[in-house]
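# An overview of the molecular structure
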Amino acid sequence: MRVYLDNNATTIVDPHVFETMEPYFVQKYGNPNSLHDFASETHPAIKQAMEKIYAGIHAPKEDSVVITSCATESNNWVLKSIYFQYILTGRKNHIILSEVEHPSVIATAKFIESMGCRVTYLPINSEGLIDPQSVRDNITDKTALVSVMWVNNETGAIFPVEEIGNICAEHKVLFHTDAVQAVGKLPIDVQSFNVDYLTMSAHKFHGPKGVGALYMKKGKELLPLLHGGSQMGGYRSGTLNVPGIVGMGRAMEQAVDALDFEMHDIRELRDAFEEELLKIPDTFVVTPREKRVANTILISFRGIEGESMLWDLNREGIAASTGSACASEDLESNPVMEAIGAEADLAHTAVRFSLSRYTTKEELDYTLEAVKKAVTRLRSISSSYAYAPEGYKN
Ligand code: PLP
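Computed from a predicted structure; not experimentally measured.

### A closer look at the packing of helix H4 (residues 43-56) against helix H9 (residues 242-278)
- The interhelical angle for the contact between H4 and H9, taken along N-to-C directions, is 40 degrees, at an axis separation of 8 Å. In terms of axis orientation, H4 runs oblique to H9. Here H4 runs over H9; the crossing is left-handed. Only Val-242, Ile-245, Val-246, Met-248, Gly-249, Arg-250, Met-252, Glu-253 and Val-256 of H9 make contact with H4, whose side of the interface consists of Ala-45, Ile-46, Ala-49, Met-50, Lys-52, Ile-53 and Gly-56.
- Tallied by class, the residues present in the contact of H4 with H9 amount to 11 nonpolar, two polar and three charged.

### So, the pattern of salt bridges
- Considering all chains together, one arrives at 22 salt bridges under this definition.
- Here Glu-275 ties to Arg-289 by a salt bridge, and the two come within 2.9 Å at their closest N and O atoms. Within this pair, whereas Glu-275 is found in helix H9, its partner Arg-289 is found in the loop between strand E9 (283-285) and strand E10 (296-301), the two being separated by 14 residues in sequence.
- Through salt bridges with shared partners, one network takes in Arg-270, Asp-271, Glu-274, Glu-275, Arg-289 and Arg-292.

### Details of the nonpolar core
- In terms of nonpolar packing, the biggest core is built from 84 residues, with Val-65, Ile-82, Ile-95, Val-146, Trp-150 and Met-200 touching the most fellow members.
- Core analysis: the next-biggest nonpolar cluster, separate from the first, contains 26 residues, Leu-5, Ile-280, Leu-310 and Val-351 among them.

### So, the side chain of Asp-312
- By the element assignment, Asp-312 lies in helix H10 (residues 306-315).
- Looking at Asp-312, the relative accessible area reads 6%, which means it is buried.
- A polar atom in the side chain of Asp-312 sits 2.8 Å from the side chain of Arg-377.
- With residues near it in sequence (within four places) discarded, Asp-312 still touches Ala-374, Arg-377 and Leu-378.

### Points about the environment of Glu-221
- Secondary-structure assignment places Glu-221 in the loop between strand E8 (212-216) and H9.
- Residue classification places Glu-221 among the partly exposed positions, given a relative accessible area of 25%.
- For the pair Glu-221 and Val-78, spaced 143 residues apart in sequence, the C-alpha separation works out to 9.8 Å.
- Once you skip the residues sitting within four places of it in the chain, Glu-221 turns out to touch Gln-85, Met-216 and Tyr-235.
- A distance of 3.0 Å separates the side chain of Glu-221 from the backbone nitrogen of Gly-219, its partner in a polar contact.

### Looking at the sheet that holds E9
- With respect to topology, three strands assemble into an open sheet ordered E9-E10-E14, the strand pairing being antiparallel. Edge positions in the open sheet fall to E9 and strand E14 (350-354), since each of these has one partner strand only. Between one strand axis and the next, the sheet turns through 30 degrees on average, direction left out of account.
- The pairing of E10 with E14 spans five bridges and is antiparallel.

### Points about the packing of aromatic side chains
- This model, assessed by the stated rule, comprises five aromatic pairs.
- The interplanar angle of 45 degrees and the centroid separation of 5.9 Å between the aromatic rings of Tyr-29 and Phe-38 together place this pair among those described as tilted.
- Relative accessible area serves as the criterion here: at 43%, Phe-38 is assigned to the partly exposed category.
- Aromatic pair Phe-273 and Phe-353: ring centres 5.5 Å apart, planes at 80 degrees, arrangement edge-to-face.

### A few points about the layout of surface pockets
- When its volume is computed, the largest pocket comes out at roughly 510 Å³.
- Taken together, 30 residues line the largest pocket, and the ones lying closest to its centre are Glu-101, His-102, Pro-103, Asn-153 and Glu-154.
- Listing elements by their share of the lining of the largest pocket, those giving two or more residues are helix H5 (71-87), helix H6 (103-114) and helix H11 (335-339).
- Considering every element that reaches the lining of the largest pocket, the biggest residue donor is H11, with four residues.
- Its residues placed into classes, the lining of the largest pocket shows 12 nonpolar, 11 polar and seven charged.
- Two domains each put at least three residues into the lining of the largest pocket: domain 1 (3-9 + 259-374) and domain 2 (15-257).

So, how was this worked out
Residues numbered from 1 in each chain as written. Predicted model: local features only at pLDDT ≥ 70, side-chain atom pairs only at ≥ 80, totals over all residues. Heavy atoms only, no water. Axes fitted to C-alpha atoms, helices over the stretch in contact; angles between N-to-C directions. Helix = DSSP H or I, 4+ residues; strand = E, 2+ residues; numbered from the N terminus. Parallel < 35°, antiparallel > 145°, perpendicular 65-115°, else oblique. Left-handed = near helix turned anticlockwise from the far one by under 90°. Contact = heavy atoms within 4.5 Å. Nonpolar A, V, L, I, M, F, W, Y, C, P; charged D, E, K, R; others polar. Salt bridge = Lys/Arg side-chain N within 4 Å of Asp/Glu carboxyl O. Core = buried A, V, L, I, M, F, W, Y, C linked by side-chain atoms within 4.5 Å. Buried < 20%, exposed > 50% of the residue type's maximum accessible area, 1.4 Å probe, protein only. Polar contact = N/O pair within 3.5 Å; in protein donor to acceptor, adjacent residues only side chain to side chain. Pairing = 2+ DSSP bridges. Phe/Tyr/Trp six-rings, centres within 6.5 Å; stacked < 30°, edge-to-face > 60°. 1 Å grid on protein atoms, 1.4 Å probe; cavity = no way out; pocket = protein on both sides within 12 Å on 5 of 7 lines; lining within 4 Å. Points joined across faces, edges and corners; volume = space filled by probe spheres on them. Domains from an automatic or database assignment.

Below is the structure:
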């Protein structure tokens, strides 16, 4: 059996999405900007796809949704443009983010920090959550932007973006949220709370890779990301990725249709699976279930390196993740486990299982047996588990 439980990394392309995209590779391949029928026959599909993306996040027509190549691009764009518009010009000197943002936010923040911007990295608490009060405490009259992700990719923790958005509005500070792990898992309505910029990525909700988007509120537009043409309202020039846009539109439509299933049926599957995993002695989950999206479990198995668990699971055909980058000889610990201040030996033991609407109970039953087998094998050869104080082993 092959079981894919790494859906926070990427998802299978929904067959309907694939079907919708196909004609735009070999039949309707015209450049939408050209002046002939090959071009104009792509227009209705692009228009429809954009309408679906706007509808999926409840964006009003006057706001902008700019298609990018990925969420990494959208996140880079927001921070770098804010740097050019507000920091370099001397109007502001500071931005705020959580310390567990995706590397595409953290690394970009480090870059603009090296160019003179002050950056505050907000801590998370022991449940892996952000206290909105910490945003209020750190805002100054020189703060240009607050950037806090909606859902953490490691733990699935839902961050209080509504409260943070309100605090930003009160202080007239721009607010960006990386909603990559929220789309398809939570209802998204950019009109229901204060948000100026919102990042999305199609491949996280059963769309194609290589296509993302950035939502921008009217009046809060960023500088153009790519100069050289009129595509995407001049914000991001370059020939449009027609199949990608069409695929993202269809994926968004499917995500909205499947939302109830993703939020309730997947939750039931996840909860039952998690309960069984937690029956294994010395296992820990950081964020309480009700404060997480329905598909994610980040679980630690004391005494077992996350990578060793992945190795054993992979041999059984099961894909999961540790959330840590494996750099040459060094096994890095999970950044969220580090941020919550987990003891050193636990920080290396996290394994992430992320489900999707394609996950079945049979797959989870199979995975549970494989996990149990791996735990027995790996703990029998684990020096850190063998010497753990008695209280750690029940
Ligand atoms: N932001 C979050 C929260 C993510 O989980 C990811 C991907 O893992 C990204 C950004 C980057 O997405 P992309 O692959 O579209 O660049």
